[in-house]
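Geometric and topological summary
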Amino acid sequence: MRAPRGPACSRKSAGFVTQISHQTLTLSAEGLVCRRGGRLIFEGVGFRLGNGEALALTGRNGAGKSSLIAMLCGRLRPEAGTIRLEGLDETPLTEAAHLVGHRDGLKSALTAKENLRFAQDLLGGAAATPEQALEAVGLPHVGALPVGYLSAGQRRRVALARLLVAARPLWLLDEPAAALDVNAQAMLIGLMQAHLAAGGAILAATHGPLGIDAARELRIGP
């Protein structure tokens, strides 16, 4: 995922990211083992991630990228190994992390604004308004439309707008650029850069470059 020439993030979208640099954040994993349906998916996986850092999780299809993200957000228990979040005044990992999964997780019958209000009420830590978040992802005109009427790329942008309506320091992103065109990918890169500059952290599963020069890579499998 590469941004075209020009600024990747508008001042408006960058301004919506809550400053969290004063909160120490260290997410670490060691010796993680994943087995699903009796089949070993991966073993011995570990990493360390702190404030202002991005980690690109790569590997072939089926290597376990989504499974690792599921472990981090508490949806899947590792067979072995440890996951530890330090700092943030002992906030649990499930309350410190924002998840945007491979599926958009939107309710098709609700409007874009209603989906974002629901996410804001569920997650807490209100930041941008739904209107501001939609403006930041380039969709100010779809707020009153049920998301079932939107294209795949527009739905993906609405899903990404949830990152802006609730302030959480750790972003867990599973193929965040899926269905996005070149301009929307540039928007996403800008949002990620603004989040890192504010002191947040990002772990993203991706098949291509994350688009952030300072991002480190964690490859699972051969």
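Everything numeric in this text was worked out from a predicted model, so none of it was measured.

1. Some details on the sheet that holds strand β1 (residues 25-36)
- One open sheet accounts for 3 strands, arranged β2-β1-β4; its pairing is antiparallel. Whereas interior strands pair on both sides, the edge strands pair on one side only; in this sheet they are β2 (39-50) and β4 (80-87). Mean inter-strand twist for the sheet, computed between neighbouring axes without regard to direction, equals 10 degrees.
- Sheet analysis places β1 next to β2, joined by 8 bridges and oriented antiparallel. Residue pairing across strands places Ser-28 opposite Arg-48, the latter belonging to β2.
- Across the sheet, helix α2 (residues 65-72) lies against β1, β2 and β4, angled at about 125 degrees from β1, the strand it touches most.

2. Overview of the packing of helix α4 (residues 112-123) against helix α6 (residues 152-165)
- Two elements in contact, α4 and α6, have axes whose closest approach is 9 Å; the angle formed by their N-to-C orientations is 40 degrees. The orientation of α4 relative to α6 falls into the category oblique. In this structure, α4 meets α6 at a crossing whose hand is right-handed. Where α4 abuts α6, its residues Ala-112, Leu-116, Ala-119 and Gln-120 lie against Val-158, Ala-161, Arg-162 and Val-165.

3. A few points about the pattern of salt bridges
- This structure, assessed with the given rule, holds 5 salt bridges.
- In this structure, Arg-35 and Glu-79 form a salt bridge, with 3.1 Å as the shortest nitrogen-oxygen distance. Taken together, the residues Arg-35 in strand β1 and Glu-79 in the loop between α2 and β4 connect sequence positions 44 residues apart.
- By relative accessible area, which is 48% here, Glu-79 ends up partly exposed.
- Between Glu-53 and Arg-216 there is a salt bridge, and its shortest N-O distance comes to 3.5 Å. With Glu-53 in the loop between β2 and β3 (54-58) and Arg-216 in strand β8 (residues 216-219), this pair connects stretches of sequence that are 163 residues apart.
- Residue class for Arg-216 comes out partly exposed when judged on its relative accessible area of 36%.

4. Observations concerning the sheet that holds strand β6 (residues 170-174)
- If you walk across this open sheet you meet the 5 strands as β5-β6-β7-β3-β8, and the pairing is parallel. Each edge of the open sheet is held by one strand with a lone partner, namely β5 (97-100) and β8. Each adjacent strand pair in this sheet contributes to an overall mean axis angle of 15 degrees, direction not counted.
- As defined by bridge partners, β6 adjoins strand β7 (residues 201-205) across 5 bridges and the pair is classed as parallel. Counterpart to Leu-170 in the pairing with β7 is Ala-201.
- Where α2 meets the sheet, it contacts β3, β5, β6, β7 and β8, and its direction lies at approximately 150 degrees from that of β6.
- Most of the contacts of α6 go to β5, to which it runs at about 180 degrees, and overall it touches β5 and β6.

5. Observations concerning the environment of Arg-219
- Looking at where Arg-219 falls in the secondary structure, it is placed in strand β8.
- You can call Arg-219 partly exposed: its relative accessible area is 47%.
- On a C-alpha basis, the gap between Arg-219 and Ala-205 in space is 9.7 Å, while along the polypeptide they are 14 residues apart.
- Once you skip the residues sitting within four places of it in the chain, Arg-219 turns out to touch Thr-58, Gly-59 and Arg-60.

6. Digging into the layout of surface pockets
- Size it by volume and the largest pocket reaches roughly 630 Å³.
- The wall of the largest pocket is formed by 25 residues, among which Arg-75, Leu-99, Val-100, Gly-101 and Arg-162 lie closest to the centre.
- Where the lining of the largest pocket is concerned, the elements lending two or more residues are α2, β5 and α4.
- Looking at the lining of the largest pocket, its residues break down into 11 nonpolar, 7 polar and 7 charged.
- Approximately 170 Å³ is the volume attributed to the second largest pocket.
- In this structure, the second largest pocket is lined by Arg-36, Ile-41, Asn-61, Gly-62, Ala-63, Gly-64, Lys-65, Ser-66, Ser-67, Asp-174, Glu-175 and His-207.
- It is α2 that contributes the most residues to the lining of the second largest pocket, 3 residues altogether.
- When the residues that make up the lining of the second largest pocket are grouped by side-chain class, the tally is 2 nonpolar, 6 polar and 4 charged.

Rules behind the numbers
Residues numbered from 1 in each chain as written. Predicted model: local features only at pLDDT ≥ 70, side-chain atom pairs only at ≥ 80, totals over all residues. Heavy atoms only, no water. Pairing = 2+ DSSP bridges. Helix = DSSP H or I, 4+ residues; strand = E, 2+ residues; numbered from the N terminus. Axes fitted to C-alpha atoms, helices over the stretch in contact; angles between N-to-C directions. Contact = heavy atoms within 4.5 Å. Parallel < 35°, antiparallel > 145°, perpendicular 65-115°, else oblique. Left-handed = near helix turned anticlockwise from the far one by under 90°. Salt bridge = Lys/Arg side-chain N within 4 Å of Asp/Glu carboxyl O. Buried < 20%, exposed > 50% of the residue type's maximum accessible area, 1.4 Å probe, protein only. 1 Å grid on protein atoms, 1.4 Å probe; cavity = no way out; pocket = protein on both sides within 12 Å on 5 of 7 lines; lining within 4 Å. Points joined across faces, edges and corners; volume = space filled by probe spheres on them. Nonpolar A, V, L, I, M, F, W, Y, C, P; charged D, E, K, R; others polar.

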